[in-house]
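Take a look at the letters that make up each chain.
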Amino acid sequence: TLLKGYETAKENMLKNDALHMPSLKALEGKPELAVGFGSGSLFTDMFAKVVTGGEPIDSAFDRFVAEWRSRGGDEVIKEATEWYKKFHNLQHEFGM
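What counts, and where the lines are drawn
Residues numbered from 1 in each chain as written. Predicted model: local features only at pLDDT ≥ 70, side-chain atom pairs only at ≥ 80, totals over all residues. Heavy atoms only, no water. Salt bridge = Lys/Arg side-chain N within 4 Å of Asp/Glu carboxyl O. pLDDT = per-residue confidence, 0-100. Helix = DSSP H or I, 4+ residues; strand = E, 2+ residues; numbered from the N terminus. Buried < 20%, exposed > 50% of the residue type's maximum accessible area, 1.4 Å probe, protein only. Contact = heavy atoms within 4.5 Å.

Visitor: Hey, could you go over the pattern of salt bridges for me, with residue numbers and the actual values?
Guide: Summed over all chains, the structure comprises six salt bridges. Ionic pairing is found between Arg-63 and Glu-55, a salt bridge with its closest N-O pair at 2.2 Å.

Below, the structure written as structure tokens:
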């Protein structure tokens, strides 16, 4: 039945906390720090170099992380971590 299908889906659903995360202020004005395959992101540039054989994955990824962090990534991590802790504290507090 439809209800049984809904219950099965609900029981097996993976939680994605990021769906609740607001836009991070630390990313404002820094599109190169965006996660994913957006045009001009540091990740996209590194990914393209690795896929085309321009750079080995280990050294390319290490350089990507260092540059991402130096351009403001540490602030992004800090803000996201603070949000995550607050979000989970609220969920626990309200029995969610």
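Visitor: Explain the confidence of the model for the protein to me, using residue names and the numbers behind them.
Guide: Averaged over the protein, the pLDDT score is 85; the fraction of residues at 70 or greater is 89%. Of all the helices and strands in the protein, helix 1 (residues 2-12) carries the lowest mean pLDDT, 82, while helix 2 (residues 42-51) carries the highest, 92.

Visitor: Any details on the side chain of Glu-32? Residues and values, ideally.
Guide: With respect to the helices, strands and loops of the structure, Glu-32 is situated in the loop between helix 1 and helix 2. Of the residues examined, Glu-32 reaches a relative accessible area of 18% and is grouped as buried. Those residues within four positions of Glu-32 in sequence are excluded, and the remaining contacts are Gly-40, Ser-41, Leu-42 and Arg-71.

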